[in-house]
There are 2 protein chains.
Amino acid sequence: MGKTYIFGHKNPDTDSIMSSLVMANLEKKLGNSEAISCRTGKVNKESEYVLKYAGVEAPMLIENLEAGSEVIIVDTANEKELPDNINELKIKKIVDHHYVALHTSYPLYYRAEPVGCTSTIMYKLYKENNVEIDKTIATLMLSAIISDTLLFKSPTCTVEDKNAVIELAKIADLDYEKYGLDMLKAGTDISSFTIQEILNLDAKETSLKEVKTIINQVNTAYIPDVMKMQTDLEEGMKKIIEEKGLDLFVLLITDIVNSNSQVIALGKNADLVEKSYGVKLENNTALLKGVVSRKKQVIPIMTENA
Amino acid sequence: MGKTYIFGHKNPDTDSIMSSLVMANLEKKLGNSEAISCRTGKVNKESEYVLKYAGVEAPMLIENLEAGSEVIIVDTANEKELPDNINELKIKKIVDHHYVALHTSYPLYYRAEPVGCTSTIMYKLYKENNVEIDKTIATLMLSAIISDTLLFKSPTCTVEDKNAVIELAKIADLDYEKYGLDMLKAGTDISSFTIQEILNLDAKETSLKEVKTIINQVNTAYIPDVMKMQTDLEEGMKKIIEEKGLDLFVLLITDIVNSNSQVIALGKNADLVEKSYGVKLENNTALLKGVVSRKKQVIPIMTENA
């Protein structure tokens, strides 16, 4: 068996980083000794916090994989979030919890479930394969789940996600509520970032029917901290719209404490936000009450209204 | 919970019919009382043989599902093989063993494995969920596996497929080799079909990169029985090429006893067959030695050469 590179989406979030590590460990335990945990972008502050806590090295950064390389994809099934030459790579497996947006010309192992986090599915795969979950793996998994579900507050959170965290916290021997809040807060610290970096933090490029869109999400413990940069953020968004020929750029500034999102929307289809949420953009911005999940509360609703 | 319609691909083969029945039974056992086994096309002779043997009614024929209907897809993940309004339906689950060729705007349950048959995955799902497999369900499952793997002769056949049949034959209390050959032979009887019906029997529309193609496969126990209709078949193929604006129509006439396929190729890209297999088409036809699997030995190879 040759090398298998395991990675998640571009702009990796905590789930992409942790599920890659957790999947590489599972593959090794199942006999694939050349499974390598990888990432295709910078480790964010939240993930840094987790890796430091667990004493684990970050996955290997990969940039150009040779055509024909075998890969396992976690936490996405979207071509736009994968390396540009994804169609030249051989996808052996996908484990994901998102919508389906890739084509292959060959059959593969594909495991997706509509749960809150890829690591929740990983937890099930460990159990199904009778592979032991040690303290470190448990910490990585529960961190991913807490990150994706915003400590169970996101509408994407399912009973399975919550139960997995409760079980994993016993193995990891930690107070998941305290640990989780500290981890989430570590992730909201954007003080050291440039405007460009903020706009790229968790940017997902997608097509809402014909509307070419980027939806970026930035978590915060206090919305005004981010909104004071509105002028500079808009300037940066306009540049990206022009460079990429976008119809719409949506920036969600998500309050992880109160579970709302302030949205900034620019581009010729900005009215799609108004139509989708029955709000009026004033000075390009509006508060979307109760909206915290891009996957469940933004992409399907805006697709339907596009 | 509302109704859930469960079906496979257009021109349903034995796996599509049986996996739909087997999945509906599993859903019911797991509490989804309104799961309905369906089909989107005619039951073929092989499937008729199985249903009669097992004493099971054919799945319900569906034509126009209302927008918003909940569906479970088995044995395909290809938009082109699904109802035209598939994007208006809500796909709850997919269980499949083919390549990925559909997009969704929402997460779903997706279980695919690179095994020879959807029913092999169904067999695993029954076991994982601790649902009993009775004699009838065992017969349906093993029939699908024997059909898709041509009694283990297809290169798509894996150890898992074979082991499943051996286990299921014990439950079904039958001699799978004898039963399997009788079933396969029943499926090769095309004496009652018009040319149009033969050309539509197991036709799959696909894009080999930019080459708009139909690949149709007809099983036979003796190739000359089918080749004596070559002139009429070609006339019918030409009509379909014109109607659908195809670049290529590939008809595989597969000898299930000796594991070869005679190919008839028409259309402006017919040379793609020559390039892919290093053969020369004479009078539009050539023998492809050892080729029996469209999925494993045709689509990926012709895609690579397209």
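These figures come from a predicted structure and were not determined experimentally.

Enquirer: Is there a simple way to explain the confidence of the model for chain A in this structure?
Expert: Caution applies to low-pLDDT parts of the model: their predicted coordinates are not meant to be read in detail. Looking at chain A, pLDDT values average 95 and 100% of them are 70 or higher. Here the prediction assigns the complex a pTM of 0.85, and the interface score ipTM is 0.83.

Enquirer: So what exactly am I meant to see when it comes to the packing of aromatic side chains here?
Expert: Where two aromatic rings form a pair, the distance of their centres and the angle of their planes describe that pair. What the rule picks out here adds up to seven aromatic pairs over all chains. An angle of 0° between the planes, with centres 3.8 Å apart, marks the rings of A:Tyr110 and B:Tyr110 as stacked. Here the residue A:Tyr110 occupies a position in strand β7 (residues 109–112), and B:Tyr110 occupies one in strand β7 (residues 109–112), the pair thus bridging two chains. Note on accessibility: A:Tyr110 and B:Tyr110 belong to one class, buried. Among the aromatic residues, those joined into a cluster by ring pairs are A:Tyr49, A:Tyr53 and A:Tyr179. Here B:Lys45 stacks its cationic end above the ring of B:Phe193, 5.2 Å away from the centre of that ring. Sitting above the plane of the B:Tyr109 ring, B:Lys93 keeps its charged end 5.6 Å from the centroid.

Enquirer: Whenever I open this one, the environment of A:Asp134 confuses me. Can you help?
Expert: Residues and elements named next belong to chain A. You can see Asp-134 is positioned in the loop between α3 (118–128) and α4 (135–149). Given the relative accessible area of 32%, Asp-134 is considered partly exposed. Separated by 38 residues in the primary sequence, Asp-134 and Ala-172 have C-alpha atoms spaced 7.7 Å apart.

Enquirer: What exactly am I supposed to notice about the packing of helix α1 (residues 14–29) of chain A against α4(A) here?
Expert: Axes are the key here: two packed helices are described by the angle between their axes and the distance separating the axes. Residue and element names in this part refer to chain A. Where α1 meets α4, the axes come as close as 9 Å, and the angle between the chain directions of the two elements is 150°. In terms of orientation, α1 and α4 fall into the roughly antiparallel class. The chirality of how α1 crosses α4 is left-handed. When α1 is examined against α4, the residues Thr-14, Asp-15, Met-18, Leu-21, Val-22 and Asn-25 are found in contact with a partner set consisting of Ile-137, Leu-140, Met-141, Ser-143, Ala-144, Ser-147 and Asp-148.

Enquirer: Could you clarify how one ought to interpret α4(A) in this entry?
Expert: Owing to its 3.6 residues per turn, the α-helix aligns residues three or four sequence positions apart on the same side. All names here are of chain A. When the terminal C-alpha atoms of α4 are compared, their 21 Å separation across 15 residues agrees well with the 21 Å that a helix rising 1.5 Å per residue should span. For α4, a buried count of 13 out of 15 residues is recorded, marking the element as mostly surrounded by other parts of the structure. N-capping of α4 is provided by Asp-134, with a side-chain oxygen placed 3.1 Å from the backbone N of Thr-136.

The rules behind each value
Residues numbered from 1 in each chain as written. Chains lettered and ligands numbered in written order. Predicted model: local features only at pLDDT ≥ 70, side-chain atom pairs only at ≥ 80, totals over all residues. Heavy atoms only, no water. pLDDT = per-residue confidence, 0-100. Phe/Tyr/Trp six-rings, centres within 6.5 Å; stacked < 30°, edge-to-face > 60°. Helix = DSSP H or I, 4+ residues; strand = E, 2+ residues; numbered from the N terminus. Buried < 20%, exposed > 50% of the residue type's maximum accessible area, 1.4 Å probe, protein only. Lys NZ or Arg CZ within 6 Å of the ring centre and 35° of its normal. Axes fitted to C-alpha atoms, helices over the stretch in contact; angles between N-to-C directions. Parallel < 35°, antiparallel > 145°, perpendicular 65-115°, else oblique. Left-handed = near helix turned anticlockwise from the far one by under 90°. Contact = heavy atoms within 4.5 Å. Expected span 1.5 Å × (residues − 1). Polar contact = N/O pair within 3.5 Å; in protein donor to acceptor, adjacent residues only side chain to side chain.

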